[in-house]
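Given next are the chains, with one letter for each unit.
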Amino acid sequence: MEFEKLTELIIELEVDDIQEAVREALGEDKDPFEVLNALTKGMDEVGRRYEEKEYYLTELVLAGETMKEAFEVLQPALADADQSQEKTKIILATVKGDNHDIGKNILGSLLLSSGFEIHDLGMDVDETKIVEKVKETGASIVALSSLLTMTVEQIKIVDKALKNAGLRDQVKLIVGGAPLNEDLAKELGADDFAEDAVEGVKHIKALAEN
Ligand code: B12
């Protein structure tokens, strides 16, 4: 299974064939991170086609589904992590009003494979759920995704809710998503921002050490 073929299967929205293809690649001992890379490349091209109006919403939804199918097979291979040490707990969510979860899921998979304990609350998650989960798990990091300009303000709401619950000092808040940048993230009350999932893991490792 060539990497180019995996990229192509995402672009061509081959939701029924993707799992078999990922399985085949892993069976050939391909590095799961390279497989992820090939799939992400496909998503980038889907995004480009959407922006060029070659693809419409239907194709976008299908591309998301195809990526999810691929992840089901890929995740265990990525999650081959060191079980021996105490794991840093991370709460992961896409903010309220936002139904984009592909980037968040990629970050989650990479974090899992780096040995973190992930509590993924899904998408369209409000501040109450996040506060409750911090209380329940004692997590030390909250990682939020916002892909919509309209929903970045939710970060501020989560920051405030954590403060009101007296939990803000015990957690680091890191955010990501295309409409954000370092300055805006800080303005909204976050401690950190990362451009992509790979950078995100590096930043989160650093946050976990402090
Ligand atoms: C796929 C997609 C969808 C799918 C989502 C499927 C899913 N399950 O996620 C569907 C079809 C549902 C969708 C819907 C909509 N979408 Co849309 N969508 C996209 C698209 C094409 C790709 C997003 C994606 O998955 N990229 C691939 C992933 C891997 O990249 P990523 O999400 O950016 O994540 C990376 C980084 O940002 C970072 N990251 C992300 N989160 C986090 C979190 C942390 C903590 C860290 C450290 C890093 C990090 O790491 C990730 C990996 O490297 C983008 C365009 C684009 N090219 O980005 C538009 C886009 C995001 N959508 C857009 C819009 C407008 C919408 C709709 C409002 C459309 C509509 N009219 O209905 C709805 C909104 C629905 C809702 N309430 O959320 C706009 C947003 C504009 C804006 N700035 O507000 C975009 C930019 C398209 C455009 N150019 O107009 N969409």
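Residues numbered from 1 in each chain as written. Predicted model: local features only at pLDDT ≥ 70, side-chain atom pairs only at ≥ 80, totals over all residues. Heavy atoms only, no water.

### With respect to the packing of aromatic side chains
Both the distance between ring centres and the angle between the ring planes are used here to describe each pair of aromatic rings.
Inference 1: In this structure the tally under the stated criterion is zero aromatic pairs.
Inference 2: Positioned above the aromatic ring of F3, the side-chain terminus of K30 is 5.7 Å from the ring centre. (Phe/Tyr/Trp six-rings, centres within 6.5 Å; stacked < 30°, edge-to-face > 60°. Lys NZ or Arg CZ within 6 Å of the ring centre and 35° of its normal.)

### Notes on unusual backbone geometry
Inference 1: Phi is positive for L13, close to 60°, though the residue is something other than glycine.
Inference 2: Among the secondary structure elements, L13 is positioned in the loop between α1 (3-11) and α2 (18-27).
Inference 3: Looking at L13, the relative accessible area reads 13%, which means it is buried.
Inference 4: One non-glycine residue, D124, lies in the positive phi region at around 55°. (Helix = DSSP H or I, 4+ residues; strand = E, 2+ residues; numbered from the N terminus. Buried < 20%, exposed > 50% of the residue type's maximum accessible area, 1.4 Å probe, protein only.)

### Things to note about the sheet that holds strand β1 (residues 89-94)
Inference 1: With parallel pairing, the five strands of this open sheet are ordered in space as β2-β1-β3-β4-β5. If you trace the sheet from one side to the other, it starts and ends with β2 (117-120) and β5 (192-193), each paired once.
Inference 2: Pairing between β1 and strand β3 (residues 141-145): five bridges, direction parallel. If you follow I90 over to β3, its bridge partner there is I141.
Inference 3: Here helix α9 (residues 197-209) sits on the sheet in contact with β1, β3, β4 (172-176) and β5, set at roughly 175° to β4. (Pairing = 2+ DSSP bridges. Contact = heavy atoms within 4.5 Å. Axes fitted to C-alpha atoms, helices over the stretch in contact; angles between N-to-C directions.)

### Considering the site of the ligand
Inference 1: If you check the shell around the ligand, you find 31 residues, and the closest are N99, H100, D101, S145 and T149.
Inference 2: D98 places a polar side-chain atom, nitrogen or oxygen, 3.5 Å from an oxygen atom of the ligand.
Inference 3: A distance of 2.8 Å separates a nitrogen atom of the ligand from a polar atom in the side chain of T149.
Inference 4: Elements represented by at least two residues in the shell around the ligand include exactly α3 (32-51), α4 (57-78), α5 (102-113), β3, β4 and α9.
Inference 5: Of all the elements, α5 adds the most residues to the shell around the ligand, at four residues.
Inference 6: When the residues that make up the shell around the ligand are grouped by side-chain class, the tally is 16 nonpolar, 10 polar and five charged.
Inference 7: Both of domain 1 (3-78) and domain 2 (89-209) provide at least three residues apiece to the shell around the ligand. (Near = heavy atom within 4 Å. Polar contact = N/O pair within 3.5 Å; in protein donor to acceptor, adjacent residues only side chain to side chain. Nonpolar A, V, L, I, M, F, W, Y, C, P; charged D, E, K, R; others polar. Domains from an automatic or database assignment.)

### Remarks on the domain arrangement of the protein
Inference 1: By the assigned domains, the protein splits into domain 1 (3-78) and domain 2 (89-209).
Inference 2: Computed over C-alpha atoms, the centres of domain 1 and domain 2 are 24 Å apart.
Inference 3: Taken together, the contact pairs 10 residues of domain 1 with eight residues of domain 2.
Inference 4: In total, about 760 Å² of surface goes out of reach between domain 1 and domain 2, with carbon and sulfur atoms giving 76% of it.
Inference 5: The tally of links between domain 1 and domain 2 comes to one salt bridge.
Inference 6: Here K68 and D101 are joined by a salt bridge, their closest N and O atoms 3.5 Å apart.
Inference 7: Joining domain 1 to domain 2, the criterion identifies zero residue pairs in polar contact (both at pLDDT 80 or more).
Inference 8: Listed by contribution, the elements that provide at least two residues to the side of domain 1 that touches domain 2 are α3 and α4.
Inference 9: Considering every element that reaches the side of domain 1 that touches domain 2, the biggest residue donor is α4, with six residues. (Buried area = accessible area lost by both parts, 1.4 Å probe. Salt bridge = Lys/Arg side-chain N within 4 Å of Asp/Glu carboxyl O.)

### A few points about the packing of α3 against α4
Inference 1: Two elements in contact, α3 and α4, have axes whose closest approach is 11 Å; the angle formed by their N-to-C orientations is 175°. In terms of their interaxial angle, α3 and α4 are classed as roughly antiparallel. Every residue of α4 that contacts α3 at P32, F33, V35, L36, L39, T40, M43, V46 and Y50 is listed here: L57, L60, A63, M67, A70, F71, L74, A77 and L78.
Inference 2: Among the residues forming the contact of α3 with α4, the class breakdown is 17 nonpolar, one polar and no charged. (Parallel < 35°, antiparallel > 145°, perpendicular 65-115°, else oblique.)

### Some details on the environment of T40
Inference 1: Along the chain, T40 falls in helix α3.
Inference 2: Judged by its relative accessible area of 23%, T40 is partly exposed.
Inference 3: Along the backbone, T40 and E65 are 25 residues apart, and their C-alpha atoms lie at a distance of 13 Å.

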